[in-house]
Amino acid sequence: MRKMLAAVSRVLSGASQKPASRVLVASRNFANDATFEIKKCDLHRLEEGPPVTTVLTREDGLKYYRMMQTVRRMELKADQLYKQKIIRGFCHLCDGQEACCVGLEAGINPTDHLITAYRAHGFTFTRGLSVREILAELTGRKGGCAKGKGGSMHMYAKNFYGGNGIVGAQVPLGAGIALACKYNGKDEVCLTLYGDGAANQGQIFEAYNMAALWKLPCIFICENNRYGMGTSVERAAASTDYYKRGDFIPGLRVDGMDILCVREATKFAAAYCRSGKLDTSSLHACSCVGINYRTREEIQEVRSKSDPIMLLKDRMVNSNLASVEELKEIDVEVRKEIEDAAQFATADPEPPLEELGYHIYSSDPPFEVRGANQWIKFKSVS
Amino acid sequence: MAAVSGLVRRPLGEVTVRDAINQGMDEELERDEKVFLLGEEVAQYDGAYKVSRGLWKKYGDKRIIDTPISEMGFAGIAVGAAMAGLRPICEFMTFNFSMQAIDQVINSAAKTYYMSGGLQSVPIVFRGPNGASAGVAAQHSQCFAAWYGHCPGLKVVSPWNSEDAKGLIKSAIRDNNPVVVLENELMYGVPFEFPPEAQSKDFLIPIGKAKIERQGTHITVVSHSRPVGHCLEAAAVLSKEGVECEVINMRTIRPMDMETIEASVMKTNHLVTVEGGWPQFGVGAEICARIMEGISKKLVLEYSQAVVNIMYLNTYSIKRLKARSVWHFSSRKYFKSKSRKSCVQFPGCSCCSCHWC
């Protein structure tokens, strides 16, 4: 009886607590913005770099927090689905690297362009697609953004060119998009991302050369997570100063775990490109993520010290931009959103077999495609 | 623009393949602001083989771009520009060098429309000389028709004469898909009669349609690019001996026009394929494989008269037809009745006087 009473009283007090805390949050006065110091970037062929202090507004802070948390939850959910074999094939995750995708998006306009390699889910989200479409694409369902035909590495959105499977191939593509920006004269820039592993590809240096020669508005960004596939950077690169490897292209070394640092560096690079003062620039963001090649101790250390979401959360709470409860609410909402999306991604049907031959050619009249033998035909519609 | 060749006086109405390609590109550059040309030596040098002569003077640096010797880089740049909405013409000095960039052609250009579920098209043209030239040795003589013709998502054309060259390059530029145009260096300087319709700025040759260059009844000879000329010469010689060859100029490698080839083979019962590429896994190998498999269903429906001569059906396909048992092989009754009976003539059967080989 006593136990029951105790339980009942706990429940009642618990029930009354929530509304009270909500009332508390609503009535508390938050600061509108706060100034933070950020790490100075190492410079290559630049007199000045991005500013060392920046202002973060409450609105922006909440937005970045929500976006980073969404990317984190989405990637963890993808991980879970992958382990359950609901997602098959490739699934390159960027949990831990959220500051890069959200920070870069914060530094450019929606009319700017972005292209990256296969660790693309975060960028697909920040460039405008919904979690539902992304997870459904990962599970290969027809509700996916590429109708289930592209998968993890081939997701496209407006001004977002994927999602590219071949290591390094996206870099000349990005320079080409920058060429189109310059050709059209619209003052847009193209962010071209690649990893520390791809940084050793020859075609990247060809792209650097032509971008600098033709003064293309292209920002080359190396996301350094210290491992190219399974090989650590010390064993793969003669020079691990990736921001200097553009040689004649000015460069910045940026702390990739700090979203504000990434944002400021991106703004700086984009402004530089747009002003015509300097036509290409190279950013190099260090971030730490990845399992399998690292020791357990290494992972624990990074998780406890450099989690970009924790860094932002601590900053916001300590500067009275938001409360812990408020951020927790955002967590709960995000979790629900991801759960719904995962539910959709698991339940949606796969694309029908009749559509196997669709989208081979663009803008062409329908035609027949040969299947596994001469009597099996698929219709192909553009 | 016909006068661009300038230096050598030609009979009126004759245009070299080089000038035809030049005309085609010039007209498309003029028609659409988004079209531009990039490649090695295309601008200030007027083209390594002078194919782009005069274009840089007319259109300037923005639209005719000299690149460094970086095929993988500039092919990737061209593909990226196409993804962002421009319509590049990417010239390879020869297609042998396209091997440096083949990842961009296949993985970045050809496959993207499919992998994006129809969201991202890549309206790009890759052009340049293909195949053997005069004594340039193995590394500079490979024919890439079979390699590029293998890949879905890509269109591959191979012009022979001036009319082909102009019509196909214009169709390729206007096409919203990646198109590989396999020219031939030894054909650049060869003049051909230019029919009046080819003078028009909207003269297009449809991609995917072959042309019967010479009608014949005894043997079908299928070819593409420069060997078409050899086939016509051979046909002239054979004609004196009483053998009439039907010479088909494929014009397009992918999508291949099998209907024209099949119709011709049904007429002549004999087939020779002629190409500049290696035989194993080549263009001719594909044509032979498809002919050996049997005529397409569409052709059966259209050529009811020829259906009676079903000597082309091999045993396996005949068995399949029996299983389906839809067709009654009688030319007159074909469209009227579909009974379960099928009268098929096996090779060597005495029911008809047809012979397989």
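Residues numbered from 1 in each chain as written. Chains lettered and ligands numbered in written order. Predicted model: local features only at pLDDT ≥ 70, side-chain atom pairs only at ≥ 80, totals over all residues. Heavy atoms only, no water.

1. Considering the side chain of Asp331 of chain A
Next, step 1: Assignment of secondary structure puts Asp331 of chain A in helix H12 (residues 324-347).
Next, step 2: At a separation of 2.7 Å, a polar atom in the side chain of Asp331 of chain A contacts the side chain of Gln69 of chain A. (Helix = DSSP H or I, 4+ residues; strand = E, 2+ residues; numbered from the N terminus. Polar contact = N/O pair within 3.5 Å; in protein donor to acceptor, adjacent residues only side chain to side chain.)

2. As for the domain arrangement of chain B
Residues and elements named next belong to chain B.
Next, step 1: Taken domain by domain, chain B consists of domain 1 (14-199) and domain 2 (211-311).
Next, step 2: On a C-alpha basis, the centres of domain 1 and domain 2 stand 27 Å from each other.
Next, step 3: Taken together, the contact between domain 1 and domain 2 spans 21 residues of the former and 20 residues of the latter.
Next, step 4: Here domain 1 and domain 2 share an interface that buries about 1600 Å² over both sides, 57% of which is from carbon and sulfur atoms.
Next, step 5: Of all residues in domain 1, Cys143, Ser158 and Trp160 give up the largest surface area on contact with domain 2, accounting jointly for 32% of the area buried on that side.
Next, step 6: Remark: the boundary between domain 1 and domain 2 carries two salt bridges.
Next, step 7: Close ionic contact of Glu163 with Arg251 constitutes a salt bridge, the shortest N to O distance being 3.7 Å. (Domains from an automatic or database assignment. Contact = heavy atoms within 4.5 Å. Buried area = accessible area lost by both parts, 1.4 Å probe. Salt bridge = Lys/Arg side-chain N within 4 Å of Asp/Glu carboxyl O.)

3. Some details on the packing of helix H3 (residues 71-83) of chain B against helix H4 (residues 102-110) of chain B
Any two packed helices are characterised by the angle at which their axes cross and by the distance between the axes.
Residues and elements named next belong to chain B.
Next, step 1: Where H3 meets H4, the closest approach of the two axes is 8 Å, and the angle between their N-to-C directions is 15°. Considering the angle they form, H3 stands roughly parallel to H4. The two elements H3 and H4 cross, and the hand of that crossing is right-handed. Contacts between H3 and H4 involve Met72, Ala75, Gly76, Val79 and Met83 from the former and Asp103, Gln104, Ser108 and Ala109 from the latter.
Next, step 2: Residue composition of the contact of H3 with H4, grouped by class: five nonpolar, three polar and one charged. (Axes fitted to C-alpha atoms, helices over the stretch in contact; angles between N-to-C directions. Parallel < 35°, antiparallel > 145°, perpendicular 65-115°, else oblique. Left-handed = near helix turned anticlockwise from the far one by under 90°. Nonpolar A, V, L, I, M, F, W, Y, C, P; charged D, E, K, R; others polar.)

4. A closer look at the environment of Gly148 of chain A
Residue and element names in this part refer to chain A.
Next, step 1: Mapped onto the elements of the fold, Gly148 is located in the loop between helix H5 (131-138) and helix H6 (170-184).
Next, step 2: Linking Gly148 and Asn373, residues 225 residues apart in sequence, is a C-alpha distance of 24 Å.
Next, step 3: Excluding residues within four positions of it along the chain, Gly148 makes contact with Glu137, Gly140 and Arg141.

5. Re the sheet that holds strand E4 (residues 87-91) of chain B
Residues and elements named next belong to chain B.
Next, step 1: Strand order in the open sheet formed by seven strands is E3-E2-E4-E5-E7-E6-E12, and the pairing between neighbours is mixed. Each of the sheet's edge strands pairs with one partner strand only, and the pair in question is strand E3 (64-66) and strand E12 (252-254). The sheet shows a mean angle of 20° between the axes of neighbouring strands, direction not considered.
Next, step 2: Pairing analysis gives three bridges linking E4 to strand E5 (residues 125-129), with the strands arranged parallel. Within E5, the residue paired with Glu91 across the bridge is Arg127.
Next, step 3: Running over the sheet, H3 touches strand E2 (35-39), E4 and E5 and is turned about 165° from E4. (Pairing = 2+ DSSP bridges.)

6. Topic: the UniProt feature "domain: Transketolase-like pyrimidine-binding" (unreviewed entry) in chain B
Next, step 1: Those residues carrying the UniProt feature "domain: Transketolase-like pyrimidine-binding" (unreviewed entry) are residues 15-190 of chain B in this numbering.
Next, step 2: Helix makes up 36% of residues 15-190 of chain B and strand 16%, with an end-to-end C-alpha separation of 8 Å. (UniProt positions renumbered as here; feature names shortened; annotations may be inferred.)

7. Digging into the side chain of Thr139 of chain A
All names here are of chain A.
Next, step 1: Residue position: Thr139 is located in the loop between H5 and H6.
Next, step 2: By relative accessible area, Thr139 is classed as buried at 6%.
Next, step 3: Excluding anything up to four places from it in sequence, Thr139 contacts Leu81, Ile86, Ile87 and Ala345. (Buried < 20%, exposed > 50% of the residue type's maximum accessible area, 1.4 Å probe, protein only.)

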